[in-house]
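Coordinate inspection notes
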Amino acid sequence: MIDVEDRGGVAVLRMKHGKANALDAEFCLRLAEEFNALRTASPRSVVLAGQGGIFCAGVDLVRILEEGPDYTRQFLEMLQGLCEVVFAFPKPVVAAISGHAVGGGFVLACMADRRIMARGAGRIGLPEMQVGLPFPPGLMEILRFAVPPRQLARIIYSGAAFEAGPALEHGLVDEVLDPGDLLGGAVAAAGALGEIGQDTFRLTKAQIRQSALERMRSQQREIGAEVERIWTSPETISRVRLYVEQTLRRGRP
């Protein structure tokens, strides 16, 4: 599922889960385990990367359809856990977006401290409203933290997908590079952040993200059950099935 390589004190964590790095319960758990292991490992910073033209295609909706409510509840629990682990990770994280990062895949990139996208390689966006799925509290708070406030509602409601240039203009990514320069640029950016004193970076990052983390946890208690109810309802499952069928016909990730 994941390859980890040390590049001069930068851990390059490359996702290799199927063709699209779709998020399922097992993959969320594995990603969380890798980040937990890196908390005390020697690398001072992390680059999170995809494979080929895909960073992460979001939630594995086929698994939601095939495995039913019990699996969906387990998945939502694993996804919330992943949000807390990566968003609160004490070391610098840079997302190297090599291609499509949609839905939960874009939120995964938003957990990083810096997002760098390859020019012309794919799109990022949030199709959840078109699918009929409300954002779990962890994902929503991460989006509120990372996306400029003036853009957030429009991007969520529209479900629009953005190429690298417009994504940069809207503040959804921090930098755009040619595909051949992406990984090297991400490693360099992570290395520069890793040169900051570890305790200083850890404390400062915790202060910056503290409010979002507190809301993430409190809202999970308050509205997590409502999100779970909607995700497992027959109406939602029908909308998900229709979306999956349309997506497969169009050949989208």
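Scroll up a little and you will see the structure.
Residues numbered from 1 in each chain as written. Predicted model: local features only at pLDDT ≥ 70, side-chain atom pairs only at ≥ 80, totals over all residues. Heavy atoms only, no water.

Some points on the environment of G9
With respect to the helices and strands, G9 occurs in the loop between β1 (2–7) and β2 (10–15). For G9, a relative accessible area of 25% puts it in the partly exposed group. When the C-alpha atoms of G9 and C56 are compared, they prove to be 25 Å apart, with 47 residues separating the residues in sequence. (Helix = DSSP H or I, 4+ residues; strand = E, 2+ residues; numbered from the N terminus. Buried < 20%, exposed > 50% of the residue type's maximum accessible area, 1.4 Å probe, protein only.)

Details of the sheet that holds strand β6 (residues 100–102)
On the basis of which strands lie adjacent, the open sheet formed by four strands has the order β4-β6-β8-β9 and mixed pairing. On the outer flanks of this sheet lie β4 (54–56) and β9 (161–162), each paired with one strand and no other. In the sheet, β4 pairs with β6 via two bridges, with the strands oriented parallel. Note on β6: the bridge partner recorded for I54 is H100. (Pairing = 2+ DSSP bridges.)

Notes on the packing of aromatic side chains
In the structure shown here, the tally under the stated rule is four aromatic pairs. With centroids separated by 6.3 Å and ring planes inclined at 35°, the aromatic side chains of F75 and W231 adopt a geometry described as tilted. With F75 in helix α2 (residues 61–87) and W231 in helix α9 (residues 198–231), this residue pair connects regions lying 156 residues apart in the sequence. Like W231, F75 is buried. Ring centres of F87 and F145 lie 5.1 Å apart, and the angle between their planes is 85°; this geometry places the pair in the edge-to-face category. Note that F87 is positioned in helix α2 and F145 in helix α5 (residues 137–146), a separation of 58 residues in sequence. F87 gets classed as buried once you look at its relative accessible area, which sits at 0%. Here F145 falls in the partly exposed class, since its relative accessible area comes to 30%. Through pairs of rings, three or more aromatic residues link up here, namely Y71, F75 and W231. (Phe/Tyr/Trp six-rings, centres within 6.5 Å; stacked < 30°, edge-to-face > 60°.)

Some details on the sheet that holds strand β5 (residues 93–97)
Two orientations exist for strands paired in a sheet by backbone hydrogen bonds: parallel and antiparallel. Read across the open sheet, the six strands follow the order β1-β2-β3-β5-β7-β10; overall the sheet is mixed. Unpaired on one side and paired on the other, β1 and β10 (175–177) mark the two borders of the sheet. Averaged over all pairs of adjacent strands, the angle between their axes in this sheet comes to 20°, without regard to strand direction. As paired elements, β1 and β2 share six bridges and run antiparallel to each other. Within β2, the position partnered with E5 by the bridge is V12. (Axes fitted to C-alpha atoms, helices over the stretch in contact; angles between N-to-C directions.)

Some details on the environment of S98
If you trace the backbone, S98 turns up in the loop between β5 and β6. The exposure class of S98 is buried, given its relative accessible area of 16%. As for S98 and G120, which are separated by 22 residues in sequence, their C-alpha atoms are 9.3 Å apart. When residues no more than four places from it in sequence are discounted, the contact partners of S98 are G50, Q51, G52, G53, I54, F55, A118, A121 and L182. (Contact = heavy atoms within 4.5 Å.)

With respect to the nonpolar core
Within the largest apolar cluster, 70 residues are counted, with the highest numbers of intra-cluster contacts made by L31, F55, F75, I124 and L143. For this core, the element with the most residues is α2, which contributes 12 residues. (Core = buried A, V, L, I, M, F, W, Y, C linked by side-chain atoms within 4.5 Å.)

Quick word on the packing of α5 against α9
Contact geometry of α5 with α9 gives a least axis separation of 7 Å together with a crossing angle of 145°. For the pair α5 and α9, the sense of crossing is right-handed. When α5 is examined against α9, the residues P137, G138, E141, I142, R144 and F145 are found in contact with a partner set consisting of I208, R209, A212, R215, M216, Q219, Q220, I223, G224 and V227. Taken together, the residues that form the contact of α5 with α9 break down as eight nonpolar, four polar and four charged. (Left-handed = near helix turned anticlockwise from the far one by under 90°. Nonpolar A, V, L, I, M, F, W, Y, C, P; charged D, E, K, R; others polar.)

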